[in-house]
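Residue-level structure breakdown
Spelled out from the first residue to the last, the chains are:
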Amino acid sequence: VMRQFEESLKNLNTDYLDLYHMHALKTLEDVRILAGPSGGYKAFRELKDAGAIQNIGFSFHTWEEFSRTAYMEFDPDVVMFSLNASRDSGCEEHFLPLAQKNDTGLVAMKVTACNSLIGEVSGQDLVRYVLGLPVHVLNIGMDGFGTLESCVELAKEDPISQTQREDIRGRLAY
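Below or above, wherever it landed, is the structure these notes cover. (Residues numbered from 1 in each chain as written. Predicted model: local features only at pLDDT ≥ 70, side-chain atom pairs only at ≥ 80, totals over all residues. Heavy atoms only, no water.)

Some points on the overall build of the protein
In terms of regular secondary structure, the protein is built from eight helices and five strands. Across its three principal axes, the protein shows a C-alpha extent of roughly 50 × 35 × 25 Å. Taken across its 174 residues, the protein has 43% of its residues classed as buried. When contacts within the protein are restricted to residue pairs at least 6 apart in sequence, those whose partners lie at least 24 apart make up 67%. Roughly 9,900 Å² of accessible area belongs to the protein as shown, and the carbon and sulfur atoms make up 49% of that amount. A distance of 3 Å separates the average location of the 16 positive side-chain charges in the protein from that of its 26 negative side-chain charges. (Helix = DSSP H or I, 4+ residues; strand = E, 2+ residues; numbered from the N terminus. Buried < 20%, exposed > 50% of the residue type's maximum accessible area, 1.4 Å probe, protein only. Contact = heavy atoms within 4.5 Å. Areas by Shrake-Rupley, 256 points an atom, 1.4 Å probe, with all protein chains shown as cover. Lys, Arg positive; Asp, Glu negative; His and termini not counted. Charge placed at Lys NZ, Arg CZ, Asp CG, Glu CD.)

Thoughts on the packing of aromatic side chains
Aromatic ring pairs are described here by two measures, namely the spacing of the ring centres and the angle between the planes. Per the stated rule, a full pass over the model turns up 11 aromatic pairs. When the ring of Phe5 is compared with that of Tyr20, the centres are 6.2 Å apart and the planes differ by 40 degrees; the resulting orientation is tilted. In this pair, Phe5 is assigned in helix α1 (residues 2–12) and Tyr20 in strand β1 (residues 17–22), connecting sequence segments 15 residues apart. Assessed through its relative accessible area of 1%, Phe5 is described here as buried. Owing to a relative accessible area of 13%, Tyr20 belongs among the buried residues under this scheme. With 5.4 Å between their ring centres and 85 degrees between their planes, Tyr71 and Phe95 make a pair best called edge-to-face. On the criterion of sequence distance, the pair formed by Tyr71 in helix α4 (residues 65–74) and Phe95 in helix α5 (residues 91–101) is long-range, its members being 24 residues apart. Taken individually, Tyr71 and Phe95 each receive the classification buried, so the pair is uniform in this respect. (Phe/Tyr/Trp six-rings, centres within 6.5 Å; stacked < 30°, edge-to-face > 60°.)

Quick notes on the layout of surface pockets
When its volume is computed, the largest pocket comes out at roughly 310 Å³. Forming the walls of the largest pocket are 18 residues, and the residues nearest its centre are Thr112, Asn115, Ile140, Gly141 and Thr147. Where the lining of the largest pocket is concerned, the elements lending two or more residues are α6 (123–131) and α7 (145–156). Counting residues per element, the lining of the largest pocket draws most heavily on α7, at four residues. Its residues placed into classes, the lining of the largest pocket shows eight nonpolar, eight polar and two charged. (1 Å grid on protein atoms, 1.4 Å probe; cavity = no way out; pocket = protein on both sides within 12 Å on 5 of 7 lines; lining within 4 Å. Points joined across faces, edges and corners; volume = space filled by probe spheres on them. Nonpolar A, V, L, I, M, F, W, Y, C, P; charged D, E, K, R; others polar.)

Examining the sheet that holds strand β5 (residues 137–139)
Read from one edge of the open sheet, five strands run β1-β2-β3-β4-β5, paired in parallel fashion. Each having just a single partner strand, β1 and β5 make up the two edges of the open sheet. Mean inter-strand twist for the sheet, computed between neighbouring axes without regard to direction, equals 25 degrees. Here strand β4 (residues 105–109) runs beside β5; their pairing, made up of three bridges, is parallel. Across the sheet, Val107 pairs through a bridge with Val137, a residue of β5. Sitting on the sheet, α1 touches β1 and β2 (53–60), and the angle it makes with β1 is about 135 degrees. (Pairing = 2+ DSSP bridges. Axes fitted to C-alpha atoms, helices over the stretch in contact; angles between N-to-C directions.)

Following this line, the structure appears as structure tokens:
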């Protein structure tokens, strides 16, 4: 971890990072290894205590035992997680209320589920759905400037209502 951190500082020409993210945790074993005596989390904490990292985060795709354990074990500043109108990840119902209570920074990813949800629901509606939830950042895959410009315009709109969100979910029923 320390070697990779030093390489990152050198490559980025900086002396600190705003966020160090443990990406794509998938199993309880991942969490145990990171949290163990020789795991990377100890180094992340030391770097944060020294001011070399401002925030520590992790990412996951589904709210399960491993992600709950990671959230409690790591006490992250920021979490990136799958969140979309399909509600398949369990994050909207279970993780969001907990994260809000703990004032965790929230980065939603898989908002359009890599475009697999587009059909009965437009990509714009999928983005609107998540924009109406209490998240701080949407990580939307951009395939060109048109997508970027569309997302900028959507972000300027008022959030959609609960009824509109339910309509979007209903059109996704499969």
